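The residues making up each chain are set out below.
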Amino acid sequence: MKRPTDAEVRRTYLHGPEGVRQAGHREYVGGLWDEVGRLQLRFLRGRGLRRDHRLLDVGCGPLRGGVHMIRYLDAERYTGVDKEPDLLRVGAEQELGATLMAVKRPVLLALADFEFDRLPAPPDIAWAHSLFTHLPMEHIRRCLAKLRPVMASGGVLYATFGECDEPKDNPPEPHDHRLFEYTSAEMGDAGRATGWRVEHLGKWGHPRGHRMLRAVPSPQSPVLSGRNRRRAAAPSLTTED
Ligand SMILES: C[S@@+](CC[C@H](N)C(=O)[O-])C[C@H]1O[C@@H](n2cnc3c(N)ncnc32)[C@H](O)[C@@H]1O
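Not measured: the values here are computed from a predicted model.

**Brief notes about the nonpolar core**
Most often, soluble globular proteins have nonpolar side chains that are buried together.
Here's step 1: Judged by nonpolar contacts, the single largest core of 57 residues is most densely connected at L55, V58, A126, W127, A128, A159 and L213.
Here's step 2: Apart from the residues lying within four places of it in its own chain, the contact partners of A128 are V58, G59, L157, A159 and T160.

See below:
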């Protein structure tokens, strides 16, 4: 069956659990399953990912990149978090499979609002692929603010984003099929305000032209607003077992 164009996807695909049912899990996260899955591990290995690193995959979906990362990493080194429990479930059951689940023991957590205090251990590398391309700036800042304090010493975040030359009016609410774009200055500001030193790496071979950021916790953490500190009260579901 012919894939819908990106424009058709943006117009017709629903956001959230209904959208997962409508599109199927592979299409829900953008299709290009093998190409974009392999690209993620290739990039991370090129940046020094080791088998014994603890990797956090933020917005991991049904493990498009996760299956490759989990195969590569030592057991219990991969944690994937996503707001959609159904994507985690299908990723574990259909994409990874019971054997690799048992051997590699990844932790998969359904987190509604970046409750990173629930991570099993501080990540050496955090990875946010095609997440900020679907979020309003307020959500990106909340993700960065909540991630900063849980990183391992010497930890690093790589995150993709859609780049534009001038600030634009993005949709007011998150949407997994709409494209949110930011200037590199806006992304740098978001990082600085939440305690990160941000480097713009630019193009990295993504077929849709998404750009890459590298961010390390800055030595002096900013004073975070009460809103950033507040823990989300929404219930979450663990699918690690
Ligand atoms: C385009 S998909 C990318 C999935 C995966 N990173 C990949 O490359 O295949 C975006 C993912 O981010 C997840 N997501 C969006 N907002 C989120 C949030 N606030 N917390 C956790 N996951 C989120 C979506 O459910 C979806 O699985």
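Right, picking up where we left off after that structure.
**Looking at the environment of L41**
Here's step 1: Among the structural elements, L41 can be located in helix 4 (residues 33-46).
Here's step 2: Exposure remark for L41: the 21 C-beta atoms within 10 Å place this residue in the buried category.
Here's step 3: When the C-alpha atoms of L41 and H68 are compared, they prove to be 6.3 Å apart, with 27 residues separating the residues in sequence.
Here's step 4: Ignoring sequence-local partners within four residues, the contact set of L41 consists of G65, H68, M69 and Y72.

**Let's talk about the site of the ligand**
Here's step 1: Neighbouring the ligand are 20 residues; V29, G59, G61, R64 and S130 lie closest to it.
Here's step 2: Looking at the shell around the ligand, its residues break down into 8 nonpolar, 7 polar and 5 charged.

**Details of helix 4**
Here's step 1: Here helix 4 is 14 residues long and its end C-alpha atoms lie 20 Å apart, about the 20 Å a rise of 1.5 Å per residue gives.
Here's step 2: Of the residues making up helix 4, those classed as buried are G37, Q40, L41, F43 and L44. All buried residues of helix 4 lie within an arc of 160° about the axis, which places them on one face of the element. Opposite the buried face of helix 4, at more than 90 degrees from it, the exposed residues are D34, E35 and G46.
Here's step 3: Residues of helix 4 that are buried make contact with helix 5 (66-72) and strand 4 (125-128).
Here's step 4: Looking one or two residues beyond helix 4, the residue adopting positive phi is G48, at roughly 100°.

**Some details on helix 6 (residues 85-96)**
Here's step 1: If you check helix 6, its first and last C-alpha atoms are 15 Å apart, about what 12 residues at 1.5 Å a residue would give, namely 16 Å.
Here's step 2: Taken together, the buried positions of helix 6 are occupied by L87, L88, V90, G91, A92, E95 and L96.
Here's step 3: Buried-residue contacts for helix 6 involve helix 2 (17-23), helix 3 (25-28), helix 5, strand 2 (78-82), helix 7 (98-104) and strand 3 (107-110).
Here's step 4: A positive phi of about 95° marks G97, the residue just after helix 6.

What counts and how
Going along each chain's sequence as written, the residues are numbered from 1 onward. Totals for whole chains, interfaces and linings use all residues, but because this is a predicted model, local features are given only for residues with pLDDT of at least 70 and pairs of side-chain atoms are given and counted only at 80 or more. Buried Ala, Val, Leu, Ile, Met, Phe, Trp, Tyr and Cys residues whose C-beta atoms connect them within 7 Å together make up a nonpolar core. Counting other C-beta atoms within 10 Å of each residue's C-beta, where C-beta atoms are placed from the backbone, gives the exposure class: buried for 20 or more, exposed for 12 or fewer, partly exposed between. What counts as a contact is two residues whose backbone-derived C-beta atoms lie within 7 Å of each other. Strands are runs of DSSP state E lasting at least 2 residues, helices are runs of H or I lasting at least 4, and numbering of each runs from the N terminus. Whether a residue is near a molecule or strand depends on its C-beta atom, placed from the backbone, lying within 6 Å of it. Residue polarity follows a fixed list, in which Ala, Val, Leu, Ile, Met, Phe, Trp, Tyr, Cys and Pro are nonpolar, Asp, Glu, Lys and Arg are charged, and the others, Gly among them, are polar. Residue count minus one, scaled by 1.5 Å, sets the expected span of a helix. This arc is taken over the directions from the axis of the helix to the C-beta atoms.

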